[in-house]
There are 4 protein chains.
Amino acid sequence: SETELHEVKSEIVEIITNHHSAIKSSRDFHPEDTIIKTPHSVIGGQHFTLMAGPDSIESPAHVEAMGKAVKAAGATVLRGGAFKPRTSPYSFQGNGEAGLKAHRAAADALEMDMVTEILDTRDVDLVDSYTDIFQVGTRNMQNFALLKALGKKQKPVVLKRGMSATIDDLLNAAEYIAAGGNDQIILMERGIRTYDNKYTRNTLDVSAIPVLQSLTHYPIVADASHAAGVSKFVTPLALAAVAAGAQGLMTEIHDDPAHAFVDGAQALTPDEFKLLADKIRQIREAIK
Amino acid sequence: SETELHEVKSEIVEIITNHHSAIKSSRDFHPEDTIIKTPHSVIGGQHFTLMAGPDSIESPAHVEAMGKAVKAAGATVLRGGAFKPRTSPYSFQGNGEAGLKAHRAAADALEMDMVTEILDTRDVDLVDSYTDIFQVGTRNMQNFALLKALGKKQKPVVLKRGMSATIDDLLNAAEYIAAGGNDQIILMERGIRTYDNKYTRNTLDVSAIPVLQSLTHYPIVADASHAAGVSKFVTPLALAAVAAGAQGLMTEIHDDPAHAFVDGAQALTPDEFKLLADKIRQIREAIK
Amino acid sequence: SETELHEVKSEIVEIITNHHSAIKSSRDFHPEDTIIKTPHSVIGGQHFTLMAGPDSIESPAHVEAMGKAVKAAGATVLRGGAFKPRTSPYSFQGNGEAGLKAHRAAADALEMDMVTEILDTRDVDLVDSYTDIFQVGTRNMQNFALLKALGKKQKPVVLKRGMSATIDDLLNAAEYIAAGGNDQIILMERGIRTYDNKYTRNTLDVSAIPVLQSLTHYPIVADASHAAGVSKFVTPLALAAVAAGAQGLMTEIHDDPAHAFVDGAQALTPDEFKLLADKIRQIREAIK
Amino acid sequence: SETELHEVKSEIVEIITNHHSAIKSSRDFHPEDTIIKTPHSVIGGQHFTLMAGPDSIESPAHVEAMGKAVKAAGATVLRGGAFKPRTSPYSFQGNGEAGLKAHRAAADALEMDMVTEILDTRDVDLVDSYTDIFQVGTRNMQNFALLKALGKKQKPVVLKRGMSATIDDLLNAAEYIAAGGNDQIILMERGIRTYDNKYTRNTLDVSAIPVLQSLTHYPIVADASHAAGVSKFVTPLALAAVAAGAQGLMTEIHDDPAHAFVDGAQALTPDEFKLLADKIRQIREAIK
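Residues numbered from 1 in each chain as written. Chains lettered and ligands numbered in written order. Predicted model: local features only at pLDDT ≥ 70, side-chain atom pairs only at ≥ 80, totals over all residues. Heavy atoms only, no water.

**Q** For this particular structure, what's the right way to read the overall build of chain A?
**A** Looking only at helices and strands, chain A features ten helices and ten strands. At 19 Å, chain A has a C-alpha radius of gyration in line with the 19 Å of a compact globule built from 288 residues. Projected onto its principal axes, the C-alpha coordinates of chain A cover approximately 70 × 40 × 40 Å. In chain A, which comprises 288 residues, the share counted as buried stands at 66%. Within chain A, contacts between residues at least 6 apart in sequence are counted, and of these 69% link residues at least 24 apart. When the accessible surface of chain A is split by element, carbon and sulfur atoms take 53% of a total near 9,600 Å². Separation between the mean location of the 29 positive side-chain charges and that of the 37 negative ones in chain A comes to 4 Å. (Helix = DSSP H or I, 4+ residues; strand = E, 2+ residues; numbered from the N terminus. Rg over C-alpha atoms; globule rule 2.2 N^0.38 Å. Buried < 20%, exposed > 50% of the residue type's maximum accessible area, 1.4 Å probe, protein only. Contact = heavy atoms within 4.5 Å. Areas by Shrake-Rupley, 256 points an atom, 1.4 Å probe, with all protein chains shown as cover. Lys, Arg positive; Asp, Glu negative; His and termini not counted. Charge placed at Lys NZ, Arg CZ, Asp CG, Glu CD.)

**Q** What should I look at first to understand the pairing of strand 10 (residues 248–252) of chain D in this one?
**A** The side chains of a regular strand alternate between both faces of the sheet. All names here are of chain D. By the criterion of burial, strand 10 is predominantly enclosed, with five of the five residues buried. Residues Gly248, Met250 and Glu252 line one face of strand 10 and the alternating positions Leu249 and Thr251 line the opposite face, and both faces are buried. Looking at chain direction, strand 3 (residues 49–53) and strand 10 are connected through five bridges and run parallel. By the bridge assignment for strand 10, Met51 is matched with Met250. Pairing geometry for strand 9 (residues 220–223) and strand 10, over two bridges, is parallel. The partner of Asp223 across the bridge, within strand 10, is Met250. (Pairing = 2+ DSSP bridges.)

**Q** Sorry if this is basic, but what is going on with the environment of His254 of chain A here?
**A** All names here are of chain A. The topology assignment puts His254 in the loop between strand 10 (248–252) and helix 10 (270–286). A C-alpha to C-alpha distance of 9.3 Å links His254 and Gln266, two positions twelve residues apart in sequence. Excluding residues that lie within four positions of it along the chain, His254 makes contacts with Glu58, His62, Met66, Ala260, Ala267, Leu268, Thr269 and Pro270. Among the polar contacts listed, one links the side chain of His254 to the side chain of Glu58, at a separation of 3.0 Å. Only 3.4 Å separates the side chain of His254 from the side chain of His62, close enough to count as a polar contact. (Polar contact = N/O pair within 3.5 Å; in protein donor to acceptor, adjacent residues only side chain to side chain.)

**Q** Please clarify how the relation of the copies chain A and chain B should be interpreted in this entry.
**A** One copy of the chain maps onto the second through a rotation around an axis plus a translation along that axis. Expressed as a screw operation, the relation of chain A to chain B combines 0.0 Å of axial shift with a rotation of 180°, fitting to an RMSD of 0.0 Å. Within this description, the copies of the chain are treated as partners about a two-fold rotation axis. It is Ala240 of chain A whose C-alpha, among those of chain A, lies nearest the rotation axis, at 2.0 Å. Of the interface residues in chain A, 98% have counterparts in chain B that sit at the interface too, so the contact is made through matching surfaces. (Least-squares fit on C-alpha atoms with pLDDT ≥ 70 in both.)

**Q** Would you take a moment to explain the pairing of strand 5 (residues 113–117) of chain A for this structure?
**A** Residue and element names in this part refer to chain A. The element strand 5 is largely enclosed, with a buried count of five among its five residues. Of the two faces of strand 5, the one holding Asp113, Val115 and Glu117 and the one holding Met114 and Thr116 are both buried throughout. Here strand 4 (residues 77–79) pairs with strand 5 via three bridges, running parallel. When the bridges of strand 5 are listed, Val77 appears paired with Asp113. Between strand 4 and its parallel partner strand 5, the chain crosses via helix 3 (residues 96–110), and the hand of that crossover is right-handed. Of the strand pairs in this sheet, strand 5 and strand 6 (residues 133–136) are connected by three bridges, and their pairing is parallel. (Right-handed = clockwise from strand over helix to strand, strands pointing away.)

**Q** Help me understand the sheet that holds strand 9 (residues 220–223) of chain B, please; the structure alone is not making it clear to me.
**A** Two modes of strand pairing occur in sheets, parallel and antiparallel, and in both the strands are linked by backbone hydrogen bonds. Residue and element names in this part refer to chain B. In space, the eight strands of this closed barrel follow the order 3-4-5-6-7-8-9-10, with parallel pairing throughout. Geometrically, the sheet is characterised by an average inter-axis angle of 25° between neighbouring strands, direction not taken into account. Seen against the sheet, helix 3 (residues 96–110) touches strand 4 (77–79) and strand 5 (113–117) and runs at an angle of roughly 160° to strand 5. (Axes fitted to C-alpha atoms, helices over the stretch in contact; angles between N-to-C directions.)

**Q** I keep staring at the side chain of Asp113 of chain D and nothing clicks. Help me out?
**A** All names here are of chain D. Note that Asp113 resides in strand 5 (residues 113–117). Buried charge Asp113 goes without a salt bridge, the closest partner of opposite sign being Arg104 at 6.3 Å. A polar contact is formed between the side chain of Asp113 and the side chain of Ser41, at a distance of 2.5 Å. Ignoring sequence-local partners within four residues, the contact set of Asp113 consists of Thr38, Pro39, His40, Ser41, Thr76, Val77, Leu78, Ala107, Asp132 and Ile133. (Salt bridge = Lys/Arg side-chain N within 4 Å of Asp/Glu carboxyl O.)

**Q** Help me understand the packing of aromatic side chains, please; the structure alone is not making it clear to me.
**A** Residues and elements named next belong to chain A. Counting across every chain of the model gives eight aromatic pairs over all chains. The interplanar angle of 85° and the centroid separation of 5.3 Å between the aromatic rings of Phe92 and Phe261 together place this pair among those described as edge-to-face. Linking Phe92 in the loop between strand 4 and helix 3 with Phe261 in the loop between strand 10 and helix 10, this pair joins segments that are 169 residues apart in sequence. Owing to a relative accessible area of 42%, Phe261 belongs among the partly exposed residues under this scheme. (Phe/Tyr/Trp six-rings, centres within 6.5 Å; stacked < 30°, edge-to-face > 60°.)

**Q** What's the story with helix 5 (residues 144–151) of chain A in this structure? I'm lost.
**A** Because an α-helix completes one turn every 3.6 residues, residues spaced three or four positions apart along the sequence face the same direction. Most of helix 5 of chain A is tucked away, with seven of its eight residues classed as buried. Burial in helix 5 of chain A covers these residues: Phe144, Ala145, Leu146, Leu147, Ala149, Leu150 and Gly151 of chain A.

**Q** Please clarify how the interface of chain A and chain B should be interpreted in this entry.
**A** Much of the literature gives interface size as the accessible area that the parts lose upon coming together. Counting from both sides, the interface comprises 44 residues of chain A and, opposite them, 44 residues of chain B. Counting the surface lost from both chain A and chain B, the interface buries some 3,200 Å², and carbon and sulfur atoms represent 67% of this. On the chain A side of the contact with chain B, Tyr195, Lys198 and Tyr199 of chain A bury the most area, a combined 20% of that side's loss. On inspection of chain A and its partner chain B, the count reaches four salt bridges. A salt bridge links Asp168 of chain B to Lys198 of chain A, with the nearest nitrogen and oxygen atoms 2.4 Å apart. Across the chain A-chain B interface, the total number found is eight residue pairs in polar contact (both at pLDDT 80 or more). Of all the secondary structure elements, the ones that give two or more residues to the side of chain A that touches chain B are helix 6 (167–179), helix 7 (208–215), helix 9 (234–243) and helix 10 of chain A. The residue inventory of the side of chain A that touches chain B, partitioned by class, reads 21 nonpolar, twelve polar and eleven charged. (Buried area = accessible area lost by both parts, 1.4 Å probe. Nonpolar A, V, L, I, M, F, W, Y, C, P; charged D, E, K, R; others polar.)

**Q** What exactly am I supposed to notice about the environment of Pro54 of chain B here?
**A** Residue and element names in this part refer to chain B. You can see Pro54 is positioned in the loop between strand 3 (49–53) and helix 2 (60–72). Overall, Pro54 belongs to the buried group, its relative accessible area being 0%. For the pair Pro54 and His254, spaced 200 residues apart in sequence, the C-alpha separation works out to 5.7 Å. Excluding its chain neighbours within four sequence positions, the residues that come into contact with Pro54 are His62, Val63, Met66, Arg79, Gly80, Gly81 and Ile253.

**Q** Would you explain the packing of helix 9 of chain A against helix 9 (residues 234–243) of chain B in this entry?
**A** Geometry of a packed helix pair, given as the angle between the helix axes and the separation of the axes. For the pair helix 9 of chain A and helix 9 of chain B, interaxial distance at closest approach is 7 Å and the crossing angle is 155°. With respect to helix 9 of chain B, the axis of helix 9 of chain A lies roughly antiparallel. The interaxial crossing formed by helix 9 of chain A with helix 9 of chain B has right-handed handedness. Judged by residue contacts, Pro236, Leu239, Ala240 and Ala243 of chain A of helix 9 of chain A engage Pro236, Leu239, Ala240 and Ala243 of chain B from helix 9 of chain B. Classifying every residue of the contact of helix 9 of chain A with helix 9 of chain B by side-chain character gives eight nonpolar, no polar and no charged. (Parallel < 35°, antiparallel > 145°, perpendicular 65-115°, else oblique. Left-handed = near helix turned anticlockwise from the far one by under 90°.)

**Q** I'm lost on the packing of helix 6 (residues 167–179) of chain D against helix 7 (residues 208–215) of chain D in this one. Help?
**A** Residues and elements named next belong to chain D. Two elements in contact, helix 6 and helix 7, have axes whose closest approach is 11 Å; the angle formed by their N-to-C orientations is 50°. Between helix 6 and helix 7, the angle falls in the class oblique. Here helix 6 runs over helix 7; the crossing is right-handed. On helix 7, the residues that touch Ile167, Leu170 and Leu171 of helix 6 are Ala208, Val211, Leu212 and Leu215.

**Q** What's the story with helix 7 of chain D in this structure? I'm lost.
**A** Along helix 7 of chain D, seven of the eight residues are buried, which leaves the element largely enclosed by surrounding structure. Where helix 7 of chain D is concerned, the buried positions are Ala208, Ile209, Pro210, Val211, Leu212, Gln213 and Leu215 of chain D. Turning to helix 7 of chain D, the residues buried within the fold contact helix 9 (234–243) of chain C together with helix 6, strand 8 (185–189), strand 9 and helix 9 (234–243) of chain D.

**Q** Mind showing me how you'd approach the sheet that holds strand 5 of chain D here?
**A** All names here are of chain D. Strand order in the closed barrel formed by eight strands is 3-4-5-6-7-8-9-10, with parallel pairing between adjacent strands. Taken pair by pair, the neighbouring strands of this sheet meet at an average axis angle of 25°, ignoring direction. Packing against the sheet, helix 5 (residues 144–151) makes contact with strand 6 (133–136) and strand 7 (157–160), and its axis sits at approximately 165° to strand 6. Contacting strand 8 and strand 9, helix 7 runs over the sheet at an angle of about 160° to strand 9.

**Q** Just checking my understanding: could you explain unusual backbone geometry for this structure?
**A** Most peptide bonds are trans, and most residues other than glycine sit at a negative phi. In this structure, Glu111 of chain C is a non-glycine residue whose phi angle is positive, near 55°. Its place among the elements puts Glu111 of chain C in the loop between helix 3 (96–110) and strand 5 (113–117). Under the relative-accessibility criterion, Glu111 of chain C is labelled exposed at 52%. A positive phi angle is found at Asp263 of chain D, which is not glycine, with a value near 55°. By relative accessible area, which is 19% here, Asp263 of chain D ends up buried.

**Q** Explain the pattern of salt bridges here, please?
**A** Side chains carrying opposite charge are able to pair once their charged atoms draw close together. Applying the stated criterion across every chain yields a total of 76 salt bridges over all chains. Residue Arg122 of chain D is joined to Asp120 of chain D by a salt bridge in which the shortest nitrogen-to-oxygen separation is 2.7 Å. Using a relative accessible area of 6% as the deciding quantity, one classes Asp120 of chain D as buried. In the salt-bridge network here, residues are joined through shared partners; they are Asp125, Asp128, Lys153 and Lys155 of chain A.

Right, dumping it as structure tokens:
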């Protein structure tokens, strides 16, 4: 009947526009949590991992000072960008290989893991020679050439959800990496684009955390800094993500936010970060 | 002065995009938190209020049993719908005045406050003769005739954020009530409509909680049930809202979700609600 | 199997969150187009109806002058608001019954149909005593009490799509009117809320026009004024809607936009409207 | 001056929300339309360019047959994908260099321009050795490494709007290409992601067409195929885009949609394309 035809058609559209083909990423085929071990961290399962540092690597001294502060608060992964994906071509694009070097040196000195963003397939080997963990940013979540290249590496990849990626899109993107042979994947909710961005930069989708945990075995972490966009909202959003079950948190910090090279408005100070880290531990205890 | 600067900035924002005209609702003109006192609850400020009950009033015995269960877990407000705003005209529309009666009787027997939804300006006096707290649902957030009518009443109003209402839209809607002379307003984040609703019914916008608290003095509460749409995600979303600073939580419960008249899929059982209430108390402690 | 269970669950969510229950509104059960006849217009099918006028009724002389101008350009329906749903309570709320009177007088003098917005169930009989066509605005698309009340009237209803209503939501809302016994329904696409409203007030969803025409037999018309928000984009959006198959167009005009009581920024001048009407006729010819 | 006022306003917008830093792309600094000349087409200004072909290059014979059909209907640019960005890693990824070869041969034989998508910075020289026009897909609109690489080439680039890119994001992305020295840019609206994708794959944002034409001098074209997602809605959306002022249209065609390698559901048949092309010419005439 026409009604049946109409229903079949709707289902086809559903299949075409909105599905995931996760196999390696699916909890159906891999029920237990994936646990990722890096030199200084254990990520996933019942573990909680703090990843923090400056938005961009500004200087060797600065990244080391920031690393020292976040380590003192419990972070084991030192974040920082050497290649920055900026909306405008006229904004600071990062310090490139010099940034990678300074970042590596700080991580070594502090016995922390290094995580940094990769923007270009041509830079994969270069970045690989420095970093412990690759990061794929929101704008490159469906840069399939990059995902394929990282699928051939044997290092963990933090894959940030695209600004308007569905849960299924994110799982499919993870599957690109997994299909290549790399199952060291960390998924990151970082805020999505909605109709209201007047007071926050993005809308942190906390529901993505338990939803993803029901669908996939990979660790699910959150980035509250980019979701908030302004520092005064970073702490409540971070705590919300932890309460929703996030297995880790990435946060940007800066000792002088007003003069940060990039995104100073959303950076916590080292003191604010320490307070946040303390509250996180209590919330982790509360939701056990 | 800072207030002037803030006004100038607000005006610029208003000109360019959307805007809010909150005066009575604005923290600029009323810095301290509004505290609302009902017969059995204190709402706002440092207080935390649990509001729970069935989606719809199914029978006198059922609403009383549900009320007993949620009161035991710490709820002081008994929710329940007698007039149900259903997407389809062929869905159950609520038990009307018989529902109001049963709801009132249960609240009285249990010494709890009653909150129920109002859909029609013609029903304001009828509902007023039964309830302690009015609720305006997401579909009526900009039903200005209804807001004006409630502005003339002297009972608290729970105003739910519209499905795609901006923060400013919500403040303006509150201002309609306040402008009429009723300043007993409770704002509720209940999930917004975004591009992805495959796994949850809506997207709980936890950032709305601290953002609203920075802009207005009214209590900010959350409804995790309608945001989740499926019961297994209600608890993590509720905890996230509390961690973000919500001053109260509304949740739907049912002892036999599979046979609930409305929205059984998102109802917690009384046991699940008790566990949630315990965790909420711990999180409240953690974020102090 | 678990996979099957997962699929079934996804389908249930789909059914719950996103479906239409259109029966009377469905083309499956009423394949031929509904044609609506008012005193001065024939709406639907192969007909095209121009509805235009000021945003709000400002004075008897003004509405008549505007009506004269739009009639000369081919409009048969004179629009104008006496009850205005304004985002802020402090904005002009319309001239009420005085506005209705002036509107009726102008429509009679010009032999045009009158269409005006209704905001409150308590005003249904009042408005009914003046108007030829009721209009339900975007904020009241799911004001089910109002839809039910209009379902008992025997006059056409222009039902505007909610700002973030799905196609199914709109069909369900129409079904509320139809279920009451009133099948004189005109559906209006008027722009939806998306993530980008910097340059236009809303996003005109032209695809809704052919999609709705495939699903329902009611006339589908468009409002380009509220979608654009600024007059210079009204004409291209209006032409797009016509090219996509709209069976009518509603447009706001004003002879002195800078001093319009409401929404002057999006009003066309009478001369601009005449040019638009001419182009519409040519596009209607082109797509035959 | 007006330009100064415009700049001040732009700066305020930038501070409050998002912003664009378009300089080379801005009409403020380059008032007249950019006209792009390729071997067989003139794109921009008062010209209208039809770009059509199969979604993916399936075989030498097939792309030539499709090219012949679209050329007969007035197309001067032959589209086709050799590198396909598929949501799932298990979907067909395109025929790679063999596809490029077949595409080039067909374009040469038919005296048409070739346009094909580029996914990877490592493929820029390879693709450059075959194509007349580069295409950057929606998922790579903010793949800044790729944009920079194309900024150093001297061939036109069709830059598709990202699925949830704002107008400003798109202008900033174009500026990345322009900043590198390549001002041969064609911007393409192809549908955005909104809250409703049940009946169409995306929401064609026709307002983007006149908005972009007011802000930039580059040609603005539309892709109705990906916006619709189903072939029966391609024609009304394409006509809407033309009526809104699009300076060109890209459409996917297939002689046997049910067996197309990719996206058959949205392909027009050659006959449907011919009818569309005829109507486009009439609409172009109507809106002159």
